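Structural overview for review
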Number of protein chains: 2
Amino acid sequence: MLKIAVLVSGSGSNLQAIIDNIESGYLNCSIEAVISDKKDAYGIDRAKAKDIKTYILDRKQLGINISSEILKILDGKVDLIVLAGFLSILQGELLHVFKNKIINIHPALIPCFCGGGMYGMKVHEKAIEYGVKVSGCTVHFVDEGTDSGPIIIQKVVDVYSTDTAKDLQLRVLKQEHKALSEAIKYISDGRITIKGRKVLGI
Amino acid sequence: MLKIAVLVSGSGSNLQAIIDNIESGYLNCSIEAVISDKKDAYGIDRAKAKDIKTYILDRKQLGINISSEILKILDGKVDLIVLAGFLSILQGELLHVFKNKIINIHPALIPCFCGGGMYGMKVHEKAIEYGVKVSGCTVHFVDEGTDSGPIIIQKVVDVYSTDTAKDLQLRVLKQEHKALSEAIKYISDGRITIKGRKVLGI
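Residues numbered from 1 in each chain as written. Chains lettered and ligands numbered in written order. Predicted model: local features only at pLDDT ≥ 70, side-chain atom pairs only at ≥ 80, totals over all residues. Heavy atoms only, no water.

1. Brief notes about the sheet that holds strand β2 (residues 29–36) of chain A
Residue and element names in this part refer to chain A. The sheet built from seven strands is open, its strands ordered β3-β2-β1-β4-β5-β6-β7 with mixed pairing. Two strands bound the open sheet, and with one partner strand each, they are β3 (54–56) and β7 (151–158). Strand-to-strand twist in this sheet, taken as the mean axis angle between neighbours without regard to direction, amounts to 20°. Sheet topology note: the strand β4 (residues 80–83)/strand β5 (residues 102–106) ladder contains three bridges and is parallel. By the bridge assignment, Ile 81 is partnered in β5 with Ile 102. Against the sheet, helix α4 (residues 66–74) makes contact with β1 (2–8), β2, β3 and β4, and its axis sits at roughly 150° relative to β2, the strand it touches most. (Pairing = 2+ DSSP bridges. Helix = DSSP H or I, 4+ residues; strand = E, 2+ residues; numbered from the N terminus. Axes fitted to C-alpha atoms, helices over the stretch in contact; angles between N-to-C directions. Contact = heavy atoms within 4.5 Å.)

What follows is the structure in structure tokens.
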């Protein structure tokens, strides 16, 4: 059974989707730890409600050392780290030890509206401003760059000319919940391999 | 009835889709002229087969004057200029006279894989190289920038890890044929308006 850690910064609705998909039997994995870089993240409450081990790492206090703290907690304990709306940038040794074993979800169709610290609502504001007619979300492996690792899954939503950024966020979020669990399933099934920038098997 | 001109550089399969959609009654418009910037473009043969007036403008000979030549031919004659795989860059007076009356189709989901002279097969090669899991096409109004005008329609296709650029091109092309005619229909129905970068009504 795949052992995973889920890292959150906010409400943790993607974490909840993973929990639900484990309980329904869709996902054959166990959540060994939930780590938040914000102490009041609601994702921590969701984890505690399911008796999952939780860790709070203050990113203001830890700064760039947050990655080595995460490594200390997870090294040898989990097979996969899932960033589910986790806003701190990971770097250093953690990325080497967990090479091709960290995945992230971005609320846009990479390479559109990504990089340069664009995350959360800002992504949807940019998409609305630009006037795109479709957007979506991307699950990708994490490497040294920002939103630059090999892409596992992309899911698409329509964008309407009457949409606010909030409307778009809610529509994309529904797809995020599906996409992240699908990606975990592909990995736990041993279905995918990485070749250069490409994720094969899908 | 909306009078249109279609500008081509290649095989003109998008032109053929427009012709077919006029003949089937889906589009209520007439093609007043087909202009090619290459003398051996097969799109010219397709137009001649339907007794549509054709013009060949040698872009090597005309250079940046191609826009004023197009303006001479079309000024006062058509309501909409449709770029259907037309590779010359339009500029100057033509863009003012036909402001918000020129549309283009790009074989990717703008703002991904666009700008910088990226067109045709090169777009699909970039998408395959990048490892995206979805791509598509975009119909947009033409302004002074490259692929930068307000977006009317975007259609999406899946990208598989086994795809070649050619596979992707053929899959996207099918959607181009639909998207371009849909955009012309929206315009001929008077359904859309432009506000800033946004196309309203869809």
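Now that the structure has been shown, the text picks up again.
2. Digging into the pattern of salt bridges
Residue and element names in this part refer to chain B. Per the stated rule, a full pass over the model turns up twelve salt bridges over all chains. Between Arg 171 and Asp 163 there is a salt bridge, and its shortest N-O distance comes to 2.7 Å. For Lys 185, the salt bridge goes to Asp 189, with nearest N and O atoms at 3.8 Å. By relative accessible area, which is 48% here, Asp 189 ends up partly exposed. (Salt bridge = Lys/Arg side-chain N within 4 Å of Asp/Glu carboxyl O. Buried < 20%, exposed > 50% of the residue type's maximum accessible area, 1.4 Å probe, protein only.)

3. Quick look at the side chain of Glu 182 of chain B
Among the secondary structure elements, Glu 182 of chain B is positioned in helix α7 (residues 165–188). Within the local environment of Glu 182 of chain B, its side chain forms a polar contact with the side chain of Lys 155 of chain B, the two groups lying 3.1 Å apart. (Polar contact = N/O pair within 3.5 Å; in protein donor to acceptor, adjacent residues only side chain to side chain.)

4. Considerations on the sheet that holds strand β3 (residues 54–56) of chain B
Residue and element names in this part refer to chain B. The strand order across the open sheet formed by seven strands is β3-β2-β1-β4-β5-β6-β7, and the pairing between neighbours is mixed. Looking along the sheet, the strands with just one partner apiece sit at the ends: β3 and β7 (151–158). The average undirected angle you get between the axes of adjacent strands in this sheet is 20°.

5. What about the state of the cysteines?
The tally for this structure, following the rule as stated, stands at one disulfide over all chains. A disulfide bridge connects Cys 112 of chain A with Cys 112 of chain B, and the sulfur atoms are separated by 2.1 Å. Here Cys 112 of chain B lies in the loop between β5 (102–106) and α6 (121–130) and Cys 112 of chain A lies in the loop between β5 and α6 (121–130), a pairing that spans two chains. On the accessibility criterion, Cys 112 of chain A (6% relative accessible area) is buried. For Cys 29 of chain A, which is in no disulfide, the shortest distance to another cysteine sulfur is to Cys 137 of chain A and amounts to 18 Å. Free cysteine: Cys 114 of chain A, not disulfide-bonded; nearest cysteine sulfur from Cys 112 of chain B at 7.7 Å. (Disulfide = S-S within 2.5 Å.)

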